[in-house]
Amino acid sequence: MSTRLDPSNRQQPPGAADRRTWLGLAVLTLPVFLVSMDVSVLYLAIPSITDALAPSAAEQLWILDIYGFLIAGLLITMGNLGDRVGRRRILLAGAAVFGGASILAAFAPTAGILIAARALMGVGGATLMPSSLSLIANMFSDDRERGRAIGVWTAAFAGGAAVGPVIGGVLLHHFWWGSAFLINVPVLAALLVLGPRLIPEYKAPSAARFDVLGVVLSMAGILPVVYAVKTLASDGVDPGVIVIGLVGAALLVGFVVQQRHSAAPLLDLKLFRNAQYVGAITVALVGMMALGGMSYLTGVYLQSVMGHDVLAAAEAGLPMAVAVAVFSVGASRIASMVGMRTAFLGSIVLAAVGNFGLLALTTSSPIWVYLVFTSIAGIGYGIQFSLVSVVVVGAVPPERSGSASGISETSFELGNALGLALFGSLATLVFRGHRDGWSFGDTLGETLHRALEMGTQGDGLATAARQAYVEGMHAASLAIGIALTLLGIGLFFAMREPVTPAGAGAQTGTDEDAVAAPLPSTECTN
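What you see as residue numbers is a count from 1 along each chain, following the sequence as written. Thresholds applied to this predicted model are a pLDDT of at least 70 for local features of residues and 80 or more for the giving and counting of side-chain atom pairs; totals over whole chains, interfaces and linings are not thresholded and use all residues. Computation of side-chain values covers all heavy atoms of the structure but excludes hydrogens and water.

Please provide a residue-by-residue account of the overall build of the chain, values included.
When its secondary structure is counted, the chain shows 20 helices and 0 strands. Exposed residues in this analysis have more than 50% of their type's maximum accessible area, buried residues have under 20%, and partly exposed residues fall in between, with area computed by a 1.4 Å probe over protein chains only. Counting over 526 residues, the chain shows a buried share of 57%. Pairs of residues are marked as contacts when any of their non-hydrogen atoms sit within 4.5 Å. If you take every contact in the chain between residues at least 6 apart in sequence, the share linking residues at least 24 apart comes to 84%. Using a 1.4 Å probe, accessible areas were evaluated by the Shrake-Rupley method; residue-level cover was limited to the displayed protein chains. Counting every atom, the chain has about 20,700 Å² of accessible surface; 65% of that belongs to carbon and sulfur. Under the DSSP-based scheme used, a helix requires at least four consecutive residues in state H or I and a strand at least two consecutive residues in state E, with every element numbered from the N terminus.

Right, dumping it as structure tokens:
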């Protein structure tokens, strides 16, 4: 049950965070910003990587996907591990791994090594998000301050995903593609130096046996399913790939069964009986699918179709980045004014309108069309991503908030990766289907290189390829818009009742209560 503070005591509430704690929060936002930024930083770098490493179409998708998939698959595992060995310790260890892998990625001589480096970055990144959020719950004992801190954390996550292409574009304009990875190193160095001084340690006083079998089953199920979806969407039906996908699905079913009988499960399946919680998790998943797919496809569109260099493409992404960051911070205030349900539904409508608007883009559209509709979508994404954390906390009793938050983080990461895989593969499939007799390569970049080698005789091929890519982007934008529309309809019914913690007894739930709902208090040591 939330603690209500007397207005006369608000200036000096009991347990108020001191300056050192707020500085610690600033340090904790660094890894969150980097993890979400690195999911999107390659959107604008892919053309440069294609020129330097010549990856195949499948390797391009793996370069983008493997990072997010490993983060999604390991988030809950690393959260459990942090409870056993110490959350600050696992945070700093993960930062060291992430930094080393970033250096390897920056100087990767082949696509295969780059994929391996991205995978290692995913392993390190999976330690950063759950440990940072759980440490915030330890550091802030005052309910209102804790809620404010979680809002800052959410804004850092959403802002990182939005400005990743912008930062990457600026770096690529002045340096080689590896600089997009090296930018991580000084930020992580600051975390390793300041973290032990400003962030307290927390370790669970007692812990059940680690669920190793659950970890193995979850990873063994997720990766084959993802591989099957990507391959079938990009290359068509293949019996062998279908078998791989079915094996992965069977392992995921086995994982769910195993979790129901495990003494210390990684996943609290009882959470999925709560309709409001399921709605929030679905918003996280579908919303990040939409943002991830849209950002990747429009990044290629701006460079390879419209002919903008990386800096111009980065500047075109600034309005959307600002919209996401600003409305992430202001989401709770919006919800308090219009109600949680209305704010959520409105944000989904805005995101859908923005994606449907991308259908107006052509091979010669003025840039303002892109700016207007991506900014509209950015407002929607900023609001909904910030409110997800609020609803997740408010929809479950305090003793289950930690597990609930871990699952929501997993949904964010998995959604981004699935957006690249599903919507990127759909666009590729449509692109190849609009050959009209032309000899296209596997990707637009490969086709344009072929056209360039043909001289003036390749002008027709280049024009046809650009038009085919726009058709593929339209198909993906339409699919994203439809997915968001269906999400809004489902949420309209799922959130009819006020969001209140389950088992809250006589507590009366309102939208405003949900906005202020805190995480449970936990003990920590310095």
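Can you break down helix α5 (residues 111-139) residue by residue, with the values?
Helix span is expected to be 1.5 Å times the residue number reduced by one. Over its 29 residues, α5 extends 42 Å from the first C-alpha to the last, a length consistent with the 42 Å expected when each residue adds 1.5 Å. The buried fraction of α5 is high, at 24 of 29 residues.

Lay out the nonpolar core in plain terms, naming residues and giving numbers.
Only buried residues count toward a nonpolar core. Its members are Ala, Val, Leu, Ile, Met, Phe, Trp, Tyr and Cys residues joined through side-chain atoms within 4.5 Å. The biggest cluster of nonpolar side chains holds 141 residues, and the ones touching the most others in it are Leu114, Phe344, Tyr381, Tyr469 and Leu484. Per element, the largest residue contribution to this core is 17 residues, and it comes from helix α11 (residues 275-305). Residue contacts for Tyr469: discarding those within four places in its chain leaves Tyr296, Leu297, Val300, Tyr301, Val305, Phe431 and Leu444.

Run through the confidence of the model for the chain, naming residues and quoting values.
Mean pLDDT over the chain: 78, with 83% of residues reaching 70 or higher. Per-residue confidence from the predictor is reported as pLDDT, a score between 0 and 100. Here residues 1-12 is a poorly scored stretch, pLDDT under 50, and it has 15 contacts once near neighbours within four places are set aside; other chains count. Of the regions scoring below 50 in pLDDT, residues 499-525 engages in 69 contacts with residues more than four places distant in sequence or in other chains.

Explain the packing of aromatic side chains residue by residue, including any values.
Any Phe, Tyr or Trp ring, taking Trp's six-membered ring, that has another such ring centre within 6.5 Å forms a pair; planes under 30 degrees apart are called stacked, those over 60 apart edge-to-face, and the others tilted. Under the counting rule described, the total for this entry stands at 5 aromatic pairs. Pairing Tyr67 with Phe98 gives two aromatic rings, centres 6.2 Å apart and planes at 65°, and the pair type is edge-to-face. Of this pair, Tyr67 sits in helix α3 (residues 57-85) while Phe98 sits in helix α4 (residues 87-106), placing them 31 residues apart in sequence. As far as burial versus exposure is concerned, Tyr67 and Phe98 are alike and both buried. Relative to Phe181, the ring of Trp177 has its centre 6.3 Å away and its plane inclined at 90°; by these criteria the two rings are edge-to-face. Using a relative accessible area of 8% as the deciding quantity, one classes Trp177 as buried. For Phe181, a relative accessible area of 0% gives the class buried.

Any details on a nonpolar patch on the surface? Residues and values, ideally.
Taken together, the side chains of Phe356, Leu359, Leu478, Ile482, Leu486, Ile489, Phe492 and Phe493 make up a nonpolar region of the molecular surface, amounting to roughly 710 Å² of accessible area. Relative to the helices and strands, Ile489 resides in helix α19 (residues 459-494). Residues qualify for a patch when their relative accessible area is over 30% and they have no salt bridge, like charges being joined within 9 Å and the nonpolar side chains of Val, Leu, Ile, Met, Phe, Trp and Tyr within 5 Å. Salt bridge criterion: a side-chain nitrogen from Lys or Arg within 4 Å of a carboxyl oxygen from Asp or Glu.

Quick one: what's the story with the environment of Asp211, residue by residue and with numbers?
Note that Asp211 resides in the loop between α8 (184-198) and α9 (212-235). The exposure class of Asp211 is buried, given its relative accessible area of 7%. In this structure, the C-alpha to C-alpha distance between Asp211 and Asn80, residues 131 residues apart in sequence, is 9.0 Å.

Please provide a residue-by-residue account of the packing of helix α15 (residues 340-357) against α19, values included.
Think of each axis as a best-fit line through the C-alpha atoms, taken over the contacting stretch in the case of a helix, with angles from 0 to 180 degrees between the N-to-C directions. Where α15 meets α19, the closest approach of the two axes is 8 Å, and the angle between their N-to-C directions is 165°. As summarised for this structure, α15 and α19 are arranged roughly antiparallel, according to the angle between their axes. Of the two possible hands of crossing, α15 and α19 adopt the one that is left-handed. Two secondary-structure elements touch here, α15 through Arg341, Phe344, Leu345, Ile348, Ala351, Ala352, Asn355 and Phe356 and α19 through Ser477, Leu478, Ile480, Gly481, Ile482, Leu484, Thr485, Leu487, Gly488, Leu491 and Phe492. Angles below 35 degrees are treated as roughly parallel, those above 145 as roughly antiparallel, those between 65 and 115 as roughly perpendicular, and all remaining angles as oblique. Should the near helix be turned counterclockwise from the far one by less than a right angle, the crossing is left-handed, whereas a clockwise turn marks it as right-handed.

Account for α3, naming residues and giving values.
For the α-helix, the turn length of 3.6 residues means that residues three or four positions removed from each other point alike. Helix length check: α3, at 29 residues, gives a terminal C-alpha distance of 40 Å against a target of 42 Å (1.5 Å per residue), a fit within 8%. To get the bend at any residue, fit one axis to the seven residues that end at it and another to the seven that begin at it, then take the angle between the two axes. Of all the bends in α3, the greatest measures close to 45° and is centred on Leu74. α3 sits mainly inside the fold: 22 of its 29 residues count as buried.

Which residues make up the packing of helix α14 (residues 331-338) against α15, and what values go with them?
Geometry of a packed helix pair, given as the angle between the helix axes and the separation of the axes. Following both chains from N to C, one finds α14 and α15 inclined at 120°, their axes separated by 7 Å at the closest point. Between α14 and α15, the crossing angle belongs to the class labelled oblique. In the packing of α14 onto α15, the handedness of the crossing is right-handed. Every residue of α15 that contacts α14 at Ile334, Ala335 and Val338 is listed here: Met340, Thr342 and Ala343. In the scheme used here, Gly and all other residues not listed as nonpolar or charged are polar, with Ala, Val, Leu, Ile, Met, Phe, Trp, Tyr, Cys and Pro taken as nonpolar and Asp, Glu, Lys and Arg as charged. Taken together, the residues of the contact of α14 with α15 sort by class into 5 nonpolar, 1 polar and no charged.

Which residues make up unusual backbone geometry, and what are the values?
One non-glycine residue, Ala54, lies in positive phi territory at about 50°. Take Ala54: it is sitting in the loop between α2 (46-53) and α3.

Lay out the environment of Thr77 in plain terms, naming residues and giving numbers.
Within the element layout of this structure, Thr77 appears in helix α3. Judged by relative accessible area, Thr77 falls into the buried class, the value being 7%. With 141 residues separating them in the primary sequence, Thr77 and Ser218 have C-alpha atoms 9.7 Å apart.

How would you sum up the side chain of Ser132? Please name residues and give values.
Mapped onto the elements of the fold, Ser132 is located in helix α5. When its relative accessible area of 0% is taken as the criterion, Ser132 is described as buried. Side-chain atoms alone can form a polar contact between residues adjacent in sequence; in general such a contact is a pair of N or O atoms within 3.5 Å, and within protein one must be able to donate a hydrogen while the other accepts it. Here Leu128 takes part through its backbone oxygen, which lies 2.9 Å from a polar atom of the side chain of Ser132. Sequence-distant contacts of Ser132, that is, excluding residues within four places in its chain, are made with Leu28, Val32 and Trp153.

Got a sec to walk through the environment of Ile49? Specific residues and values, please.
Tracing the chain through its elements places Ile49 in helix α2. Between the alpha carbons of Ile49 and Leu114 there is a distance of 9.9 Å; along the sequence they are 65 residues apart. Sequence-distant contacts of Ile49, defined by excluding residues within four places in its chain, comprise Leu42, Ala54, Pro55, Ile63, Leu114 and Trp177.

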